[in-house]
Amino acid sequence: METVSIGEVIRRRREEWGVSQEMVCEGLCTSMTLSRFESGQQTPSRDCVVTMLQRLGLPDDSYYAQLTKEELRQITLRKEILACSSMYVRTTGEERKLFRADALKKIKELECIAKKDDVVSRQFLVARKANWIEKSDEYSRNEIMDMLLGAIRLTVPQFDLDEINRCLYSENEISLIIDIAVQYSRSGQRRKAEDILRQLIKMLQKRYPNHIRLPLAAYNYAIYLCLERRYEESLEIVELGRTTAIKQKHYLSLPGFLHIEAECRYFMGEVGTSEKLYRSAYHIYKAIDDLDNLKILVREAKERLNLTF
């Protein structure tokens, strides 16, 4: 059995895709460092390697390396901060405040142990700060937008909102692009948000067809299309997001797609279908304890169809 190094795997995929070393390691390390990694002479940091693997659409869960205690703590903190964000949107009142306080405490700890030249951790921190700042209404939309754009350009210096397909992206970088689109929409620039997501989805379908972030991009794009009364286009994106989520066994996004389809069907005059979809979405929202979206759905269904649950 042939045994190959991670560097060799990266080189083979890079050549298969026809992309340069500079594209793969942009914002992470020098092309010389990547060249040495591909030839087995040097090993970059774990975060650097994982980001390059993700940019090339390669699985990163099979990459193992000896981690320092600080690296292990950083990985743990990132996961815990994301978990706090997830729980924040599923809770209310004092419990929600506790999750926010816990997240901010962990962000401060991560800031203390992250090295100044660790661009991946710095990017994560800026993105998370922007997320929690938005929830506190302490900063303007433009300030949050600047933070997000600054965050993605830490690792993708050449990032251009008008030419998204020019670069390769990791999972975190793709999440940032989606966050940027959402901020454009919330600042009243929905058409710009649509353009960003249209480009992103097209790039994902071509380069990373089963990417874990594709359903999230599709969800937001479908919402904006529905708001623009482009119902048939919205339904096409709903189907793309729904089928991708099912393939990935990522079922938490399914009620959102059902909810959007229910709205589209209602405005297209398909009242019976809309009612069934509202009821299906309601039960899944309730099962996964998504309280915010559950309240929105109940209100909409009552106003539009006089439905009660």
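Our structure's up above, just so we're on the same page.
Presented here is a report on the structure given in the accompanying data block.

### Quick look at the pattern of salt bridges
Tallying each qualifying case throughout the model produces 27 salt bridges. With its nearest N and O atoms 2.6 Å apart, the salt bridge here joins Glu173 to Arg55. Here Arg55 lies in helix α4 (residues 46–55) and Glu173 lies in helix α9 (residues 171–186), a separation of 118 residues in the sequence. With relative accessibility at 0%, the residue Arg55 sits in the buried group. A cluster of three or more residues bridged by salt bridges with shared partners is formed by Glu8, Arg11, Arg12 and Glu15.

### Some thoughts on the layout of surface pockets
By volume, the second largest pocket is sized at about 420 Å³. If you go around the second largest pocket, you meet 20 residues; those closest to its centre are Ser45, Asp47, Glu71, Lys115 and Asp118. Breaking the lining of the second largest pocket down by element, the ones donating at least two residues are α4, α5 (69–88) and α7 (119–136). Grouping the amino acids of the lining of the second largest pocket by side-chain chemistry returns seven nonpolar, five polar and eight charged.

### Describing the packing of aromatic side chains
A full pass over the atoms with the stated rule returns seven aromatic pairs. The interplanar angle of 85° and the centroid separation of 6.0 Å between the aromatic rings of Tyr219 and Phe257 together place this pair among those described as edge-to-face. Here Tyr219, found in helix α11 (residues 214–227), pairs with Phe257, found in helix α13 (residues 254–267); they are 38 residues apart in sequence, far enough to count as distant. Among the residues examined, Tyr219 registers a relative accessible area of 22% and is labelled partly exposed. A residue is classified by how much of its surface remains accessible, and Phe257, at 0% relative accessible area, is buried.

### Points about the nonpolar core
Residues Met52, Phe159, Tyr169, Ile180 and Leu200 are the most contacted members of the largest nonpolar core, which totals 64 residues. Membership of the second largest hydrophobic core comes to twelve residues, among which are Leu258, Tyr278, Tyr285 and Leu294.

### Here's the deal with the side chain of Asn220
Note that Asn220 resides in helix α11. A distance of 3.0 Å separates a polar side-chain atom of Asn220 from the backbone oxygen of Leu216. Not counting residues within four places of it along the chain, the set of residues in contact with Asn220 comprises Ile178, Val182 and Leu197.

### Details of the state of the cysteines
For the structure on display, the rule yields zero disulfides. Here Cys48 stays unpaired: no disulfide links it, and the sulfur of Cys29, its closest cysteine neighbor, is 3.9 Å away.

### Here's the deal with α4
Among the ten residues that make up α4, nine are buried, leaving the element largely enclosed by the rest of the structure. Buried within α4 we find Asp47, Cys48, Val49, Val50, Thr51, Met52, Leu53, Gln54 and Arg55. Positive backbone phi, approximately 70°, marks Gly57, located one or two places after α4.

### Looking at the side chain of His211
Looking at the secondary structure, you find His211 in the loop between α10 (190–207) and α11. A relative accessible area of 8% places His211 in the buried class. Only 2.9 Å separates the side chain of His211 from the backbone nitrogen of Arg213, close enough to count as a polar contact. With near-sequence residues (within four places) excluded, His211 lies in contact with Glu171, Ile174, Leu204, Thr244 and Gln248.

The rules we used
Residues numbered from 1 in each chain as written. Predicted model: local features only at pLDDT ≥ 70, side-chain atom pairs only at ≥ 80, totals over all residues. Heavy atoms only, no water. Salt bridge = Lys/Arg side-chain N within 4 Å of Asp/Glu carboxyl O. Helix = DSSP H or I, 4+ residues; strand = E, 2+ residues; numbered from the N terminus. Buried < 20%, exposed > 50% of the residue type's maximum accessible area, 1.4 Å probe, protein only. 1 Å grid on protein atoms, 1.4 Å probe; cavity = no way out; pocket = protein on both sides within 12 Å on 5 of 7 lines; lining within 4 Å. Points joined across faces, edges and corners; volume = space filled by probe spheres on them. Nonpolar A, V, L, I, M, F, W, Y, C, P; charged D, E, K, R; others polar. Phe/Tyr/Trp six-rings, centres within 6.5 Å; stacked < 30°, edge-to-face > 60°. Core = buried A, V, L, I, M, F, W, Y, C linked by side-chain atoms within 4.5 Å. Polar contact = N/O pair within 3.5 Å; in protein donor to acceptor, adjacent residues only side chain to side chain. Contact = heavy atoms within 4.5 Å. Disulfide = S-S within 2.5 Å.

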